[in-house]
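Spelled out, the chains give:
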Amino acid sequence: MVGLALLSACVQPGEPLRQPQQTVVFNPDAYGLAVLPGNQRVDFGRSPKGVIPALTRELGRPTTMPLTGCPAGIIQRLRWADLELSFTPERFVGWRRGAEQRGLVCS
């Protein structure tokens, strides 16, 4: 209890909590995701075993979305903020961000 009181005393009322600064940006494009800065890519066809941990490490834990309205073969649909990715058992197959989308996505 005392430790909790001491921690709460460090933050002034109304002061926003500081989040770690994100240093990597995933920019969706026609081929998958460009990783900025630099010339890294996460292209369609990559294994979910590599894609999901990389995005989770940089963007935080994803939200699992329902599979209703998904094309046959999509078994996983995950969302990080406004970026949604679709996966088959073996591959990253599509993304949606707002009104934009590429690859296989759910309706």
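All residue numbers refer to positions counted from 1 along the written sequence of the respective chain. Note on the predicted model: pLDDT of at least 70 is required for a residue's local features to be given, and 80 or more for side-chain atom pairs to be given and counted; whole-chain, interface and lining totals, by contrast, use all residues. The side-chain quantities take in all heavy atoms of the structure and omit both hydrogens and water.

Moving on, we come to the pattern of salt bridges. Salt bridge, as applied in this entry: a Lys or Arg side-chain nitrogen positioned within 4 Å of an Asp or Glu carboxyl oxygen. Under the criterion given, the structure shown has five salt bridges. The closest approach of N and O atoms between Arg-41 and Asp-29, which form a salt bridge, is 2.8 Å. Of this pair, Arg-41 sits in strand β3 (residues 40-43) while Asp-29 sits in strand β1 (residues 25-29), and the two are 12 residues apart along the sequence. Across the pair Glu-84 and Arg-77 runs a salt bridge whose closest N-O atoms are separated by 2.7 Å. Side by side, Glu-84 and Arg-77 carry an identical accessibility label, which is buried. By sharing partners, the salt bridges in this structure join Asp-29, Arg-41 and Asp-43 into a single network. Helix numbers and strand numbers start at the N terminus; a helix is a DSSP run of H or I with at least 4 residues, a strand a run of E with at least 2. Throughout this description, buried means an accessible area under 20% of the type-specific maximum (1.4 Å probe, protein chains only), exposed means over 50%, and partly exposed covers the range between.

Further remarks concern the state of the cysteines. Throughout, a disulfide means two cysteine sulfur atoms within 2.5 Å of one another. What the rule picks out here adds up to one disulfide. Across the disulfide from Cys-70 sits Cys-106; the S-S distance is 1.9 Å. Every disulfide takes its handedness from the sign of the S-S torsion; for Cys-70 and Cys-106 that torsion is 95°, giving right-handed. Placement of Cys-70 in the loop between β4 (63-64) and β5 (76-80) and of Cys-106 in the segment after β8 (100-103) is noted, with a sequence separation of 36 residues between them. Given the relative accessible area of 19%, Cys-70 is considered buried. For Cys-106, a relative accessible area of 0% corresponds to the buried category.

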